Amino acid sequence: MAIVENSQPETILPSQGAPLIESRSIDYIPEAERHGSLFSQFTLWFGANLQITAIVTGALAVVLGGDVFWSLIGLLIGQILGGCVMALHAVQGPKLGLPQMISSRVQFGVYGAVLPIILVCIMYVGFSAGGTVLAGQAIAQLVNVSNWFGVLIFGAVIIGITICGYRVIHILGKVASVVGIVIFFYLFFKILYGYDIQALLSNRHFTLAHFLLAMSLSASWQIAFGPYVADYSRYLPSKTSTVKAFLAVGLGTVIGTQASMVLGVFAAALAGDRFSGHEVTYIVSLGSTGLIAGLLYFGIFFGKVTITALNAYGSFMSLATIVSGFRGKPSVSPKLRLFFIIMMVGFSTLLALLGQHAFLKIFTAFLLFLLAFFTPWSAINLVDYYLVTKGRYDLPALSDPNGRYGRWNMPGIITYLLGLLIQLPFIATSFYTGALVDDLGGTDISWIVGLVVTGVIYYFVTKIWPPAVAPSLILPDNR
């Protein structure tokens, strides 16, 4: 918690008069409009991860065969590794003043960046749909309506919040942190004093496959934030400390997520076969009934608001990035922004309605398979930013197909496709299993291979085909 005490105070004057409804989209944020603090970064990611989907994700480590003790250790290790990757993306926001995926045009070209961005859109919609299912269950119990109607209510709430944008999402993050701490403290208290946790921890049967599965679950959770984490730090002043920003985001996301996943592991171990299909109801039953249960359902609903708004906002930003790339413009109109938001949230709500009865099975496969698509992108982006270009981006050229970065950057595209292919033999999901998985005892190590091998390949490829690197960070105002 030291990072909160030492973070920059929120004294930037423009923030005091900034409207709640955001006017900018994917365009560069001028220094005069920069605002916020490192404390808001910590609370955003801490509060966003104190929520039901993170609980269910942690529970999967036990539901899929792991024991309690080694699942907790595996989740923590994956959490730290994935959290570091995620935080390294976050610190690009203040320096560039742009959404995360626009910077992919440096590595892939103005048109070539569409490939990973489309996959990012799919990810956002999938995560939003999964969260909407669980939030819909909570609303249904809270106001005594059907699950499908609860899903529709939640979708409407998310549309309203996403339209407001950046500042409202950060405000919700702070409130969600307080609500989440109260609810999680209460649930942990009930579990620790109402059940024999020592007995659960003493039942240990280590297997490498289940241990690495736990690592993959938490690592994939964190790495999946990489494509949009800078979207929520891009308004910070450009002089923000890189180390402090890394710690604020990293500690917030790791602590919040691990708390949720620990609770999920205990819940799944206690529930046995009663967990799948009744995730929200069972979690609440561990706490209480009656009025307290109602408050817990409200807390679960509110916790899903922040993270689903993040996903909805990210999906809008990614779709706008795709369109702006082909139009050669650095921004989109307010009307187009509204259309994109309604379309993406509406689509995720529809998927939630269609898949709510098979949520756990579908979400598990979706979460693990995500790693195959985002670890190569993450490796390329990080190696390029920190080792190759060293953050020297020509920001106006990011919107110019005829500029420094061109339409298609083949070294980046080819390396990304190679990264995907390299992982295939090591992937283990319910709908696809790689050729080498059985030789590894059923263990999925694709995300480790994808991060390390893709990063190394990209670094050496840039030595053979040096990229067009700006002499310094070139801002739109300086063109």
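Because the structure is a prediction, the values reported are computed rather than measured.

A. The overall build of the protein, seen in detail. Scanning the protein for helices and strands turns up 19 helices and 0 strands. Evaluated residue by residue, the protein yields a buried proportion of 59% over its 479 residues. Looking at the protein alone, contacts between residues at least 24 apart form 86% of all its contacts between residues at least 6 apart. Summed over its atoms, the accessible surface of the protein is roughly 18200 Å², and 70% of this surface lies on carbon and sulfur atoms.

B. Broad picture of unusual backbone geometry. Unlike most non-glycine residues, Asn144 shows phi in positive territory, near 60°. Along the chain, the position of Asn144 falls in the loop between α8 (114–143) and α9 (147–164). With a phi angle near 55°, Lys390 is a residue other than glycine that sits in the positive phi range. Within the secondary structure, Lys390 is located in the loop between α17 (359–388) and α18 (410–423). On the basis of relative accessibility, which here comes to 57%, the residue Lys390 falls in the exposed class.

C. Here's a closer look at the packing of helix α3 (residues 38–49) against helix α13 (residues 242–271). Where α3 meets α13, the closest approach of the two axes is 7 Å, and the angle between their N-to-C directions is 20°. Viewed along their axes, α3 and α13 adopt a mutual orientation that is roughly parallel. As α3 packs across α13, the resulting crossing turns out to be right-handed. Contact residues: Leu38, Gln41, Phe42, Trp45, Phe46 and Asn49 in α3; Lys244, Ala245, Ala248, Val249, Leu251, Gly252, Thr253, Ile255, Gly256, Thr257 and Ser260 in α13.

D. Seen up close, the pattern of salt bridges. A complete count under the given rule lists 1 salt bridge for this structure. Its salt-bridge partner being Asp394, residue Arg404 comes within 3.3 Å of it at the nearest N-O pair. Of this pair, Arg404 sits in the loop between α17 and α18 while Asp394 sits in the loop between α17 and α18, and the two are 10 residues apart along the sequence. Taking relative accessible area as the criterion, Asp394 reaches 12% and is therefore assigned buried.

E. Region of interest: a nonpolar patch on the surface. A cluster of nonpolar side chains, namely Trp408, Met410, Ile414, Leu418, Leu421, Leu424 and Tyr432, defines an oily patch on the protein surface of about 650 Å² accessible area. With respect to the helices, strands and loops of the structure, Trp408 is situated in the loop between α17 and α18.

F. Molecular detail of helix α5 (residues 68–90). For α5, which comprises 23 residues, the first-to-last C-alpha distance of 32 Å matches the rise-based estimate of 33 Å (1.5 Å per residue) to within 8%. By the N-cap criterion, in which a side-chain oxygen at the helix start approaches the backbone nitrogen of a residue two or three places on, α5 is capped by Asp67, the distance to Trp70 being 3.1 Å.

G. Seen up close, the packing of aromatic side chains. If you walk through the whole model with that rule in mind, you get 19 aromatic pairs. The rings of Trp45, Trp221, Phe225, Tyr228 and Tyr232 are connected pair by pair, giving a single aromatic cluster. Lying over the aromatic face of Phe69, Arg204 brings its terminal NZ or CZ to 3.8 Å of the ring centre.

H. The nonpolar core, seen in detail. Ranked by size, the top nonpolar core spans 115 residues in total, and within it Trp45, Ile52, Ile169, Tyr228, Tyr232, Phe266 and Leu310 carry the most contacts. Broken down by element, the residue count for this core peaks at 17 residues, all from helix α15 (residues 290–327). Excluding its chain neighbours within four sequence positions, the residues that come into contact with Trp45 are Met86, Phe225, Tyr228, Val229, Tyr232, Val249, Gly252, Thr253 and Leu310. Core analysis: the second largest hydrophobic core is formed by 8 residues, Val85, Leu212, Ala219 and Ile223 among them.

I. Spatial organisation of empty space enclosed by the protein. All told, the structure shown has 5 cavities of 30 Å³ or more when counted by the stated rule. Approximately 130 Å³ is the volume found for the largest cavity. If you list the elements that add at least two residues to the lining of the largest cavity, you get α4 (52–63), α10 (166–194), α14 (279–287) and α15. The biggest single contributor to the lining of the largest cavity is α10, with 6 residues. Class assignment of the residues belonging to the lining of the largest cavity gives a composition of 12 nonpolar, 5 polar and no charged. The calculated volume of the second largest cavity comes to roughly 70 Å³. Lining of the second largest cavity is provided by Met123, Phe127, Trp221, Ala224, Phe225, Tyr228, Ile307 and Asn311. When grouped by side-chain class, the residues that make up the lining of the second largest cavity number 7 nonpolar, 1 polar and no charged.

J. Quick peek at the confidence of the model for the protein. Overall, the predicted model of the protein reaches an average pLDDT of 81, with 86% of residues at or above 70. Highest mean pLDDT in the protein belongs to α5 (95); lowest belongs to helix α1 (residues 2–6) (37). Below pLDDT 50 for its whole length, residues 1–16 participates in 30 contacts with residues either more than four positions away or in separate chains.

Basis of the calculations
- Residues numbered from 1 in each chain as written.
- Predicted model: local features only at pLDDT ≥ 70, side-chain atom pairs only at ≥ 80, totals over all residues.
- Heavy atoms only, no water.
- Helix = DSSP H or I, 4+ residues; strand = E, 2+ residues; numbered from the N terminus.
- Buried < 20%, exposed > 50% of the residue type's maximum accessible area, 1.4 Å probe, protein only.
- Contact = heavy atoms within 4.5 Å.
- Areas by Shrake-Rupley, 256 points an atom, 1.4 Å probe, with all protein chains shown as cover.
- Axes fitted to C-alpha atoms, helices over the stretch in contact; angles between N-to-C directions.
- Parallel < 35°, antiparallel > 145°, perpendicular 65-115°, else oblique.
- Left-handed = near helix turned anticlockwise from the far one by under 90°.
- Salt bridge = Lys/Arg side-chain N within 4 Å of Asp/Glu carboxyl O.
- Patch = residues over 30% accessible without salt bridge, like charges linked within 9 Å, V, L, I, M, F, W, Y side chains within 5 Å.
- Expected span 1.5 Å × (residues − 1).
- Polar contact = N/O pair within 3.5 Å; in protein donor to acceptor, adjacent residues only side chain to side chain.
- Phe/Tyr/Trp six-rings, centres within 6.5 Å; stacked < 30°, edge-to-face > 60°.
- Lys NZ or Arg CZ within 6 Å of the ring centre and 35° of its normal.
- Core = buried A, V, L, I, M, F, W, Y, C linked by side-chain atoms within 4.5 Å.
- 1 Å grid on protein atoms, 1.4 Å probe; cavity = no way out; pocket = protein on both sides within 12 Å on 5 of 7 lines; lining within 4 Å.
- Points joined across faces, edges and corners; volume = space filled by probe spheres on them.
- Nonpolar A, V, L, I, M, F, W, Y, C, P; charged D, E, K, R; others polar.
- pLDDT = per-residue confidence, 0-100.

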